[in-house]
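One-letter residues, chain by chain:
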Amino acid sequence: MIRARHGLLLLAPLTLVLVAFFLLPVLMMLPTSFREYVPGAGLAPGVWTLENYTRIVTDDYYREVIWRTLGLGLFVTLACLLLGYPIAYLVARGPERWRVPLILLVVFPMMLNLVVRSFGWIALLANHGLVNNLLIQLGLIATPVKLMFNMTGLMIGLTHIYLPFMVLMLVAAIRNVPRDVEAAAATLGSSRLHVFGSVTLPLSMPGILAGSILVFVLTISALVTPRMLGGPTYKVMATLIYDEYMQLLDWPSGSALAFALTLMAIGVIWLSSRLTKRWAGMA
Amino acid sequence: MSSLTFDRLGKAYGDIDVVKDVSLTIKEGEFVSLLGPSGCGKTTILRMVAGLAEPSQGRILIGEENVTALPPNKRGLGLVFQSYALFPHLTVFENVAFGLRRRKVAGDELPRRVKEALALVRLDAYGERYPRQLSGGQQQRVAIARALAPHPRVLLFDEPLSNLDAQLRDEMQIELKRLQRGLGITTLFVTHDQGEALSMSDRVCVMAKGVMQQFATPEEIYHRPATGFVASFIGKPNRLTGTVATRDGAGGSVRLGAGPILLVAHVDRPESSPVDIVIRQEAIRLRAIGLQAIGLRGGTAEVGAPPGALDGTIALRSFSGARVQYVVRLAGGIELVAEAPSSGPESMLAIGSPVSLTIDPGAVFAMGPDGASA
Amino acid sequence: MNGAADSDARPGWAVITAALAVIVFLQVPVIVVVLAAFSTTSYLTIPPQGLTLAWFGKVLSDPTYLAAIRMSLILACGSTVISLALGVAAAYALYRKALPGAEAITAFLMAPLILPAVVISVALLQYYSLTGLRGSLFGLLMAHVVITVPYIVRSSLASLSGLDLAVEEAARVLGASGLDAFRLVTLPLIQPGLVAGALFAFITSFDNVPVTIFLIGADQTTLPVLMFSSVEMGIDPSVAAVSTLLIVVTGIILLIAERRAGFHRFV
């Protein structure tokens, strides 16, 4: 028996901290997104406008950045799924003694500083980077191929960074598939491939969805890697918000973009929970 | 040692009464079981006694002391949990010492008291082990030693034997009873197993839907159930429906469905009112009729059914070691389960054999269909 | 025949090859960074042209780097300790169902994980500018608490949910006060999960760029922010040297955590 008074006492400190340093700041940003920014002067006093939001949908440059961000999210998610499933399957269904070393090899890069990892990719993908040097040495190309400051670089870097998250989600999902059901399908005459396609894959679908949502949301929110591999010109939403705030000092526009990004992230999460519920209903 | 008293004890969650107005006193040194199906409120009562749940009304007294508002650590009780709830990160010794340390027992006395408690449950040699290194029965005994070590005023058990296999359960029943007798400790034992309750207790309190049905000795509970619920919960009942056929003083007779008529010792429903009827399997005497060997004189003789008996035929036989169970079909399609000792003459009746059933009117209970006693 | 039936469920060679190739892909940038740190040239070539420890010496004698490391440690330690205290208390209240609406409260406590970090940062940037907290250590600490505390809450809830409540009740009935029961029984039992959660929180705070970079004052640069800015200026092998140090430290921490607490069970 623990009384409500004690519960309140235990919950209050964290709740207050999160209200003061999370909820309140985010809510206070809302009015800012409806203000007008005057370059050099700051907020125009007494002026309220929807323009910061309408510009996101009408302005060609903003639209390009948004589509690029979403496309990146989609590509990276698919790449993580394709690359991650074999590892996850090996961890979940492979020899017992491989499991821990494999998990540690997946977790190690995940624990590693983002800047370090992005730096590694710069060293690989730059014009004078390892990959280009190697290709030139092998005589496959004459001049360096552009691997950074474009979609290719961002995709490679972000896939590398979020792949471990996907693998861990998939491992949990595959381990949740009862081996008895797989065995049952096999005794009923299914080939190994057919067991995978008709039992393992469908039953791990909720985990696949959860992992995909996680990677998608992380990708569209990413700041550091896109900044380092995309440079100051090839922008995604997070780096755009960074520049609006830190370079242009246009807080109204930046906050509207921040809410747009939030909406996209929460929208995707909401949509997936709807999907999951529908699947649960079918089962 | 102290007595334990519930005074109009009640517990409600929202609008639902889990325990309603229970009053009783467990005497010093007495072993009392709280018996009932799951959800009857017995565990809630135990948790209220331990201070792990707060009563909505009423008082709990240990001896003369009102402990209703005390936190669990101030009540001086011992509690053995269904899951044992041993501390997995502590050795057996430290598990048993835990309560002693909280009572500031220190110095030489601490190991002495721990050893004493472990000796009671014959686990003296296991002090350095961890709970996970023990068998289920040994863990159970550590839990008992841990509860006993601080010399609690009252010992509480929450279905302690339900996680043991059948053989170990029987052994532990005897061991527990011997231990409780030896220490003379006031004990409240919560169980859903009537065999456990009847065999171990001085008195049994039968609960149903939060209401105390009967608080009496095991013999009384079995032979003179106070309510229809107790009658149908205790023993191995045949549950049937019928109507009151005749009234004769306190007793009378009932008609089983559209079938035979049966004498009943107690009925308080008017004639021709519908009743639920409970007949204990073990109270039905079964006899083969028809051609029977008469032994030394040679020859055979027709043996008829005794007067007042019911006629039927064997529909199914199942052997279960010491006893044989039969499903007997009576007139009107009524079926009863009856037993016979597997060593007796009635142990080998074939399906289709005619039999006669004699039923002790005192083991037939008729009650209104709403479950009220009849 | 037993073997044949058994092997049906095992991954085939194609799967193993693909998986190992991806594992290698995951380690490539790490290896490259380490090689770059020992290389005499600022551009990495294979094989490296000459080996040197000069970059390490340069970093470890550079007061800017040392100050940044110190700042990062202060922030990571401080926010982890605060998050542990706040997060474990809250998770415990949720576990004991002391209050109604536990699900909604949990969702609120986990919300900083769902919102993009950059959004939390700009919100705090404006908030701190208005309240004068910008550039203060306290403000920075609280920002790190906001982004680390969900990990503590999550790992605490996971550890607590595996616990038999009766064990703590047993301690209470045996005479332990509520605080004693928590301290002597519950806390030791959830400790492995808490260590894993604290490690996650520490690393999250220590590595953080997106939140820190918006909020730091002039003399508050943290190590990852310093590295981030250095790379923006152009490739510099001393970044590779710092990175290598971080790789080694992270690897050691991971191995210790695995040895001591079976870390892989908590990820």
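Conventions we followed
Residues numbered from 1 in each chain as written. Chains lettered and ligands numbered in written order. Predicted model: local features only at pLDDT ≥ 70, side-chain atom pairs only at ≥ 80, totals over all residues. Helix = DSSP H or I, 4+ residues; strand = E, 2+ residues; numbered from the N terminus. Buried ≥ 20, exposed ≤ 12 C-beta atoms within 10 Å, placed from the backbone. Contact = placed C-beta atoms within 7 Å. Pairing = 2+ DSSP bridges. Axes fitted to C-alpha atoms, helices over the stretch in contact; angles between N-to-C directions. Core = buried A, V, L, I, M, F, W, Y, C linked by C-beta atoms within 7 Å. Nonpolar A, V, L, I, M, F, W, Y, C, P; charged D, E, K, R; others polar. Parallel < 35°, antiparallel > 145°, perpendicular 65-115°, else oblique. Left-handed = near helix turned anticlockwise from the far one by under 90°.

**A word on the overall build of chain A**
- A count of helical and extended segments in chain A gives 13 helices and two strands.
- Each of the three principal axes of chain A carries a C-alpha extent, and together these read 75 × 75 × 35 Å.
- Across the 283 residues in chain A, those meeting the buried criterion constitute 46%.
- A separation of at least 24 residues holds for 70% of the contacts in chain A among residues at least 6 apart in sequence.

**A short note on the overall build of chain B**
- If you tally the helices and strands in chain B, you get eight helices and 22 strands.
- In terms of overall dimensions, chain B has a C-alpha envelope of 85 × 50 × 30 Å along the principal axes.
- Taken across its 374 residues, chain B has 42% of its residues classed as buried.
- Partitioning the contacts of chain B with sequence separation of at least 6, the portion at a separation of at least 24 is 64%.

**What about the sheet that holds strand E18 (residues 310–319) of chain B?**
Residue and element names in this part refer to chain B.
- With respect to topology, five strands assemble into an open sheet ordered E15-E21-E18-E19-E20, the strand pairing being antiparallel. Whereas interior strands pair on both sides, the edge strands pair on one side only; in this sheet they are strand E15 (284–288) and strand E20 (335–341). For this sheet, the mean angle separating the axes of adjacent strands, direction not counted, is 45 degrees.
- Here four bridges tie E18 to strand E21 (residues 354–359), and the two strands are oriented antiparallel to one another. Note that in E21 the partner of Leu-310 across the bridge is Leu-357.

**Quick look at the nonpolar core**
- Among the nonpolar cores identified, the biggest contains 163 residues, and Ile-241 and Leu-261 of chain A are the most heavily contacted of them.
- With 14 residues, the single largest contributor to this core is helix H7 (residues 151–175) of chain A.
- Sequence-distant contacts of Leu-261 of chain A, that is, excluding residues within four places in its chain, are made with Ile-220, Ser-221, Met-237, Ala-238 and Ile-241 of chain A together with Pro-116 and Val-119 of chain C.
- One finds Ile-60, Tyr-84, Leu-176 and Ile-221 of chain B within the second-largest nonpolar core, a separate group that totals 109 residues.

**A look at the interface of chain B and chain C**
- Chain B puts 17 residues into the contact, and the matching count from chain C is 15 residues.
- Ranked by residues supplied to the side of chain B that touches chain C, first place goes to helix H2 (residues 92–102) of chain B with three residues.
- Of the residues assigned to the side of chain B that touches chain C, the class counts are 11 nonpolar, four polar and two charged.

**Observations concerning the sheet that holds strand E4 (residues 57–62) of chain B**
Residue and element names in this part refer to chain B.
- Pairing in this open sheet of four strands is antiparallel, and the strands run E2-E1-E4-E5 from one edge to the other. The open sheet is flanked by strand E2 (16–26) and strand E5 (65–66), the only strands paired with a single partner.
- Pairing between strand E1 (residues 4–13) and E4: five bridges, direction antiparallel. Residue pairing in the sheet places Leu-4 in a bridge with Ile-62 of E4.
- Sitting on the sheet, helix H1 (residues 42–50) touches E1, E2 and E4, and the angle it makes with E1 is about 115 degrees.

**Section: the interface of chain A and chain C**
- The interface is formed by 76 residues belonging to chain A together with 72 residues belonging to chain C.
- Top element by residues in the side of chain A that touches chain C is helix H1 (residues 4–32) of chain A. It accounts for 18 residues.
- A breakdown of the residues in the side of chain A that touches chain C according to their chemical character gives 58 nonpolar, 13 polar and five charged.

**A short note on the pairing of E18 of chain B**
All names here are of chain B.
- As defined by bridge partners, E18 adjoins strand E19 (residues 323–330) across seven bridges and the pair is classed as antiparallel. Within the sheet, the bridge partner assigned to Thr-313 lies in E19 and is Arg-329.
- The antiparallel pairing of E18 with E19 creates a hairpin that spans three residues between the two strands, and Gly-321 there sits at a positive phi of about 85 degrees.

**Quick notes on the packing of helix H2 (residues 13–38) of chain C against helix H12 (residues 237–261) of chain C**
All names here are of chain C.
- It is the contact of H2 with H12, at a shortest axis distance of 8 Å, that shows an interaxial angle of 125 degrees. Classified by the interaxial angle, the pair formed by H2 and H12 is oblique. The way H2 lies across H12 gives a crossing that is left-handed. Residues Val-30, Val-33, Val-34, Ala-36 and Ala-37 of H2 form the contact with H12, whose participating residues are Pro-237, Ala-240, Ala-241, Ser-243, Thr-244 and Ile-247.
- Its residues placed into classes, the contact of H2 with H12 shows nine nonpolar, two polar and no charged.

**Section: unusual backbone geometry**
Residues and elements named next belong to chain B.
- Phi at Asp-21 is positive, roughly 55 degrees, even though this residue is not glycine.
- Along the chain, Asp-21 falls in strand E2.
- Given 15 C-beta atoms within 10 Å, Asp-21 falls into the partly exposed group.
- Phi at Glu-159 takes a positive value of approximately 40 degrees, unusual for a residue other than glycine.
- On the basis of neighbour count, Glu-159 is assigned to the buried category, with 20 C-beta atoms found within 10 Å.

**Brief notes about the environment of Phe-200 of chain C**
- Structurally, the position occupied by Phe-200 of chain C is in helix H9 (residues 178–207).
- Each C-alpha atom of the pair Phe-200 of chain C and Leu-174 of chain C lies 36 Å from the other, and the pair is 26 residues apart in sequence.

**Concerning the environment of Thr-200 of chain A**
Residue and element names in this part refer to chain A.
- Its location among the elements puts Thr-200 in helix H9 (residues 192–203).
- When the C-alpha atoms of Thr-200 and Leu-50 are compared, they prove to be 49 Å apart, with 150 residues separating the residues in sequence.
- Dropping the residues within four chain positions of it, Thr-200 is found in contact with Ile-174, Val-177, Glu-182 and Val-195.

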